[in-house]
Amino acid sequence: MPELFAYTDGACSGNPGPGGWGALLQAKAGHTVVKERELKGGEADTTNNRMELLAAINALEALERPSTITVVTDSAYVKGGITEWLRSWKRNNWRTATKKPVKNEDLWRRLDEAAARHQVTWTWVKGHAGHPENERADALARAGMAPFK
């Protein structure tokens, strides 16, 4: 059975400004890609963090049935939020440790719900460092932003 991967990225021209998100979904048998799908989208007025979140959300929501998947992101915000901070935010009624409202709560709730359907491993990679799939996700994000620039 192939392993599933989602390589996700967000982009923003200005912050806030026009933005885009991209996700490259791959099913791999060993190092061989047996199936892949590209997703992208964007918004006219957004932030980089919102686009990073939407990339991961859309990747997980695109899966038709519960799956075991590795999500690879270059966003420390997404990885830290989903693996470290989310439990505390929920326990604290969507407040940070300093009692401020969690930014992007709507998308964190959506990501939490999307991830709950799957067995997700979250992995961080350094962005713009020559990682081929991350570079493709970045290109998809920029393409998703293009209609809004």
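Residues numbered from 1 in each chain as written. Predicted model: local features only at pLDDT ≥ 70, side-chain atom pairs only at ≥ 80, totals over all residues. Heavy atoms only, no water.

Visitor: Kindly report on helix H3 (residues 105–116), identifying the contributing residues and their values.
Guide: When the terminal C-alpha atoms of H3 are compared, their 16 Å separation across twelve residues agrees well with the 16 Å that a helix rising 1.5 Å per residue should span. Buried within H3 we find Leu107, Trp108, Leu111, Ala114 and Ala115. Down the axis of H3, the buried side of the element spans an arc of 130°, and every buried residue falls inside it. Turned more than 90 degrees away from the buried face of H3 sit Glu113 and Ala116, all of them exposed. (Helix = DSSP H or I, 4+ residues; strand = E, 2+ residues; numbered from the N terminus. Expected span 1.5 Å × (residues − 1). Buried < 20%, exposed > 50% of the residue type's maximum accessible area, 1.4 Å probe, protein only. Arc of directions from axis to C-beta.)

Visitor: I'd like to hear about the packing of aromatic side chains, residue by residue, with values.
Guide: What the rule picks out here adds up to four aromatic pairs. Measuring from centroid to centroid gives 5.3 Å for Tyr77 and Trp108, while their planes differ by 65°, and the two rings are edge-to-face. Residue Tyr77 is located in helix H2 (residues 76–91), and its partner Trp108 is located in helix H3; the two are separated by 31 residues in the primary sequence. As far as the burial class goes, Tyr77 and Trp108 line up, both buried. On the basis of an interplanar angle of 50° and a centroid distance of 5.9 Å, the ring pair of Trp85 and Trp89 is categorised as tilted. With Trp85 and Trp89 both in helix H2 and four residues apart, the pair spans about one turn of that helix. (Phe/Tyr/Trp six-rings, centres within 6.5 Å; stacked < 30°, edge-to-face > 60°.)

Visitor: Kindly report on the packing of helix H1 (residues 48–61) against H3, identifying the contributing residues and their values.
Guide: Direction vectors running N to C along H1 and H3 enclose 25°, while the axes themselves pass 9 Å from each other. Our classification of the angle between H1 and H3 gives roughly parallel. Judged by the sense of rotation from one axis to the other, the crossing of H1 with H3 is left-handed. Between H1 and H3, the residues in contact are Arg50, Leu53, Leu54, Ala56, Ile57, Asn58, Leu60 and Glu61 and Asp106, Leu107, Trp108, Arg110, Leu111, Ala114 and Ala115, respectively. (Axes fitted to C-alpha atoms, helices over the stretch in contact; angles between N-to-C directions. Parallel < 35°, antiparallel > 145°, perpendicular 65-115°, else oblique. Left-handed = near helix turned anticlockwise from the far one by under 90°. Contact = heavy atoms within 4.5 Å.)

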